[in-house]
Amino acid sequence: MLEKRVERLEQQFKELTSKSEMLGNQLNDLHIVIESILSNTTLFPQDKANVEEGKIKYLTDVNEQMFKQNIRLRQFIENCIETQTIPDHKGYYEALRGDE
């Protein structure tokens, strides 16, 4: 009976040792993957400046488009007031798109 317990403990010890080695290997693999990801995502200051410059240009373009839309909508509404007509969906849509 004592021998069976010792054999079972030895077997469990072997299983735990192999599982520990597997976990260590997986941990090393994950460490390598994390290091490669971190090294690839690090932006240099020049790249960061280019990204920021691109964002600023995009937002400036969008702002200009919205400003032009507001001007067209205001002109459309002023025209409706002057001609005493009721604005319709088609007119609003055309004013937003710039189809005049």
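Residues numbered from 1 in each chain as written. Predicted model: local features only at pLDDT ≥ 70, side-chain atom pairs only at ≥ 80, totals over all residues. Heavy atoms only, no water.

A count of helical and extended segments in the protein gives three helices and zero strands. Helices and strands in the protein line up, N terminus first, as α-α-α. Radius of gyration (C-alpha) of the protein: 35 Å, far over the 13 Å computed for a compact globule of 100 residues. Each of the three principal axes of the protein carries a C-alpha extent, and together these read 105 × 40 × 15 Å. Within the protein, the proportion of its 100 residues that are buried is 6%. Total accessible area computed for the protein in this model is approximately 9,600 Å², and 59% of it derives from carbon and sulfur atoms. Charged side chains in the protein number 13 positive and 18 negative. The centres of these two groups are separated by 6 Å. (Helix = DSSP H or I, 4+ residues; strand = E, 2+ residues; numbered from the N terminus. Rg over C-alpha atoms; globule rule 2.2 N^0.38 Å. Buried < 20%, exposed > 50% of the residue type's maximum accessible area, 1.4 Å probe, protein only. Areas by Shrake-Rupley, 256 points an atom, 1.4 Å probe, with all protein chains shown as cover. Lys, Arg positive; Asp, Glu negative; His and termini not counted. Charge placed at Lys NZ, Arg CZ, Asp CG, Glu CD.)

Let us look at the environment of Ile71. Within the fold, Ile71 resides in helix H2 (residues 45–83). Residue Ile71 is classed as partly exposed on the basis of its relative accessible area of 25%. Along the primary structure Ile71 and Ala95 are separated by 24 residues, whereas in three dimensions their C-alpha atoms are 9.0 Å apart.

All right, on to the packing of aromatic side chains then. Taken as a whole and judged by the stated rule, the model has one aromatic pair. When the ring of Phe76 is compared with that of Tyr92, the centres are 5.3 Å apart and the planes differ by 65°; the resulting orientation is edge-to-face. Taken together, the residues span a long stretch of sequence, with Phe76 in helix H2 and Tyr92 in helix H3 (residues 89–97) at a distance of 16 residues. By relative accessible area, which is 34% here, Tyr92 ends up partly exposed. (Phe/Tyr/Trp six-rings, centres within 6.5 Å; stacked < 30°, edge-to-face > 60°.)

Tallied over the entire structure, the rule returns one salt bridge. Residue Lys57 pairs with Asp61 through a salt bridge whose shortest N-O separation is 3.2 Å. With Lys57 and Asp61 both in helix H2, this residue pair falls four residues apart, about one helical turn. Taking relative accessible area as the criterion, Lys57 reaches 53% and is therefore assigned exposed. (Salt bridge = Lys/Arg side-chain N within 4 Å of Asp/Glu carboxyl O.)

To continue, consider unusual backbone geometry. Where the residue is not glycine, phi is negative for most of them; where a peptide bond is considered, it is trans in most cases. Unlike most non-glycine residues, Gln84 shows phi in positive territory, near 55°. Mapped onto the elements, Gln84 comes out in the loop between H2 and H3.

Our next topic: a nonpolar patch on the surface. On the surface, a cluster of nonpolar side chains totalling about 300 Å² of accessible area is made up of Leu30, Ile34 and Leu38. Looking at Leu30, the relative accessible area reads 53%, which means it is exposed. (Patch = residues over 30% accessible without salt bridge, like charges linked within 9 Å, V, L, I, M, F, W, Y side chains within 5 Å.)

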